[in-house]
Amino acid sequence: MIKMNLKILILIGILILAGIGIWLSVQTEKITQPGISIVSEKEEKQEITLISVYDNYQVDPEMKTSWGFATIIKTPRDVILFDTGGNSEILLFNMKKLGIDPASIKKIVISHIHGDHTGGLEGFLDKNPNITVFIPSSFPQSIKDMIIQKGGRFVEISAPEKISDFVYTTGELYGPPKEQSLIVDSKKGLVIITGCAHPGVVNIVERAKELMKRDKVYLVLGGFHHPPLSCVKEFRELEVEKVAPSHCTGDLVREAFREEYKEDFIEYGVGKIIEIR
Ligand SMILES: [Zn+2]
Ligand SMILES: [Zn+2]
């Protein structure tokens, strides 16, 4: 009788251990799942600041303007530079005026290959080579070599990926050329930042919503690549709350957005600081 009970006890013990083993393996799988699906709803949404450091539109007259785009995304964890404008002297001048130390930046994300977004990269790396540059994997070898030669590192992006806490890339979408946009999971909702939006700004917003599994978008900011005027209505249908079109959006579409969005239209251009608290 005692022998029987012992056998049963051992059997129960084995079953419990096996159960724990299966449960643990499921948990590890969840944690190690790659890509954007690891976003946890439970994570606290962070406060972020967006600063325009390069644009052909000007908000602060102290800044220099030129054709191109660059924006800084400050989170409690990282200072990220998204695109570098067309000229590093202008980029560094504006950053200095805004009190941003190049050494505080550890990550640069480049949206696409055009010179008005990549032009400032080399000169910036001369100032601060201690940088990881997230580039579309379609970039030519010459840019990859240049980054290494300057003392930086690069990460090639093709699929959606996490760049920092609360900051993700959409991955390469086809334009032409191939382009990546940033998604910031801010305290107030999704913020989508586009360089030139060659794949189509509406497509980018749809892709970001799909990736992050959200019904609404808090803000879309950046170059919209002179889309058709119907884009304004499509943004409403996509439940985009605020817009900050700049760079290559085109004056006509920009004004249409201003008229439709009223106080939710943000005049974006070099020197503009947006705090999301
Ligand atoms: Zn472009
Ligand atoms: Zn551009």
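Not measured: the values here are computed from a predicted model.

Student: Whenever I open this one, the overall build of the protein chain confuses me. Can you help?
Tutor: If you tally the helices and strands in the protein chain, you get eight helices and 13 strands. Sequence separation of 24 or more characterises 61% of the internal contacts of the protein chain that already satisfy a separation of 6 or more. Looking at the protein chain as shown, the accessible area adds up to about 13400 Å², and 56% of this sits on carbon and sulfur atoms.

Student: Is there a simple way to explain the coordination of the zinc ion (ligand 1) in this structure?
Tutor: Angles between donor atoms at a metal ideally measure 109.5 degrees for a four-coordinate tetrahedral arrangement and either 90 or 180 degrees for a six-coordinate octahedral one. Coordination of the zinc ion (ligand 1) by the protein comes from His112 (NE2), His114 (ND1) and His198 (NE2), over a distance range of 2.1 to 2.2 Å. Counting along the primary sequence, the residues that act as donors to the zinc ion (ligand 1) give the motif H-x1-H-x83-H. Between the two metal centres, the zinc ion (ligand 1) and the zinc ion (ligand 2), the spacing is 3.7 Å. A relative accessible area of 0% places histidine 112 in the buried class.

Student: Teacher, can you tell me more about the coordination of the zinc ion (ligand 2) here?
Tutor: Taken together, Asp116 (OD), His117 (NE2), Cys196 (SG) and His247 (NE2) make up the protein donors of the zinc ion (ligand 2), found 2.1 to 2.3 Å from the metal. Angles of 87 to 156° at the metal separate the four donor atoms of the zinc ion (ligand 2), which places the site in the irregular class. Taken in sequence order, the residues that donate to the zinc ion (ligand 2) follow the motif D-H-x78-C-x50-H.

Student: I would appreciate a short explanation of the sheet that holds strand E8 (residues 167-169) in the present structure.
Tutor: To summarise the sheet geometry, strands pair through backbone hydrogen bonds and adopt either a parallel or an antiparallel arrangement. The strand order across the open sheet built from six strands is E7-E8-E9-E10-E11-E12, with neighbouring strands paired in mixed fashion. For this open sheet the edge positions go to strand E7 (161-164) and strand E12 (240-246), each flanked by a neighbour on one side alone. Within this sheet the neighbouring strands show an average axis-to-axis angle of 20°, counted without direction. Two strands pair when backbone bridges link them, and E7 and E8 are joined in this way by three bridges, in the antiparallel orientation.

Student: Is there a simple way to explain unusual backbone geometry in this structure?
Tutor: A negative phi angle is the norm for most residues apart from glycine, just as the trans form is the norm for most peptide bonds. Residue proline 176 follows glycine 175 across a cis peptide bond; omega there is 10°. As for its position among the elements, proline 176 is in the loop between E8 and strand E9 (182-186). Backbone torsion omega between proline 176 and proline 177 reads -10°, so that peptide bond is classified as cis. Look at phenylalanine 166: it is not a glycine, yet its phi comes out positive at around 75°. Unusually for a residue other than glycine, lysine 262 sits at a positive phi of about 45°. Within the element layout of this structure, lysine 262 appears in the loop between helix H8 (251-261) and strand E13 (273-276).

Student: Hey, could you run me through the sheet that holds strand E6 (residues 153-157) in this one?
Tutor: The strand order E6-E5-E4-E3-E2-E1-E13 describes an open sheet built from seven strands, whose pairing is mixed. Looking at strand neighbours, the two that pair on one side only are E6 and E13, the edges of this open sheet. For this sheet, the mean inter-axis angle between neighbouring strands, taken without regard to orientation, is 20°. Two elements, strand E2 (residues 69-74) and strand E3 (residues 79-82), share four bridges in a ladder whose sense is antiparallel. In the sheet register, isoleucine 73 faces E3, and the bridge partner there is isoleucine 80. Sitting on the sheet, helix H2 (residues 88-97) touches strand E1 (48-55), E2 and E3, and the angle it makes with E1 is about 140°. Of the strands in this sheet, strand E5 (132-136) and E6 are in contact with helix H5 (residues 141-150), which crosses E6 at around 150°.

Student: What am I meant to see in the pattern of salt bridges here?
Tutor: Pairs can form between side chains of opposite charge whenever their charged atoms are close. For the structure on display, the rule yields 17 salt bridges. Among the salt bridges present, the one from lysine 150 reaches aspartate 126, with a minimum N-O distance of 3.0 Å. Here lysine 150 is found in helix H5, whereas its partner aspartate 126 is found in helix H4 (residues 121-127), with 24 residues between them in sequence. Here arginine 254 makes a salt bridge to glutamate 267, at a shortest N to O gap of 3.5 Å. Of this pair, arginine 254 sits in helix H8 while glutamate 267 sits in the loop between H8 and E13, and the two are 13 residues apart along the sequence.

Student: Is there a simple way to think about the packing of helix H6 (residues 201-212) against helix H7 (residues 230-237) in this case?
Tutor: How two helices pack is summed up by the angle between their axes together with the distance between the axes. Running from N to C, H6 and H7 cross one another at 10°; their axes reach a closest spacing of 10 Å. Comparing the axis directions of H6 and H7 gives the class roughly parallel. Residues Val201, Val202 and Val205 of H6 touch H7, and the partners they reach there are Cys231, Glu234 and Phe235. Split into classes, the residues belonging to the contact of H6 with H7 amount to five nonpolar, no polar and one charged.

Student: I keep staring at the nonpolar core and nothing clicks. Help me out?
Tutor: Within soluble globular proteins, side chains that are nonpolar tend to cluster in buried spots. Core analysis: the largest hydrophobic core is formed by 26 residues, its most contacted members being Val201, Val205, Val220, Phe235, Val240 and Phe257. For this core, the secondary structure elements donating two or more residues are strand E10 (189-194), H6, strand E11 (217-223), H7, E12 and H8. Here valine 201 is in contact with Thr194, Val220, Phe224, Pro227, Cys231 and Phe235, once residues within four sequence places are set aside. Judged by nonpolar contacts, the second largest core, of 25 residues, contains Val79, Met95, Ile105 and Ile143.

About the criteria used
- Residues numbered from 1 in each chain as written.
- Chains lettered and ligands numbered in written order.
- Predicted model: local features only at pLDDT ≥ 70, side-chain atom pairs only at ≥ 80, totals over all residues.
- Heavy atoms only, no water.
- Helix = DSSP H or I, 4+ residues; strand = E, 2+ residues; numbered from the N terminus.
- Contact = heavy atoms within 4.5 Å.
- Areas by Shrake-Rupley, 256 points an atom, 1.4 Å probe, with all protein chains shown as cover.
- Donors = N, O, S within 2.8 Å, 3.2 Å for Na, K, Ca; no water.
- Buried < 20%, exposed > 50% of the residue type's maximum accessible area, 1.4 Å probe, protein only.
- Tetrahedral: all angles 85-135°; square planar, octahedral: opposite > 155°, others 65-115°.
- Pairing = 2+ DSSP bridges.
- Axes fitted to C-alpha atoms, helices over the stretch in contact; angles between N-to-C directions.
- Salt bridge = Lys/Arg side-chain N within 4 Å of Asp/Glu carboxyl O.
- Parallel < 35°, antiparallel > 145°, perpendicular 65-115°, else oblique.
- Nonpolar A, V, L, I, M, F, W, Y, C, P; charged D, E, K, R; others polar.
- Core = buried A, V, L, I, M, F, W, Y, C linked by side-chain atoms within 4.5 Å.

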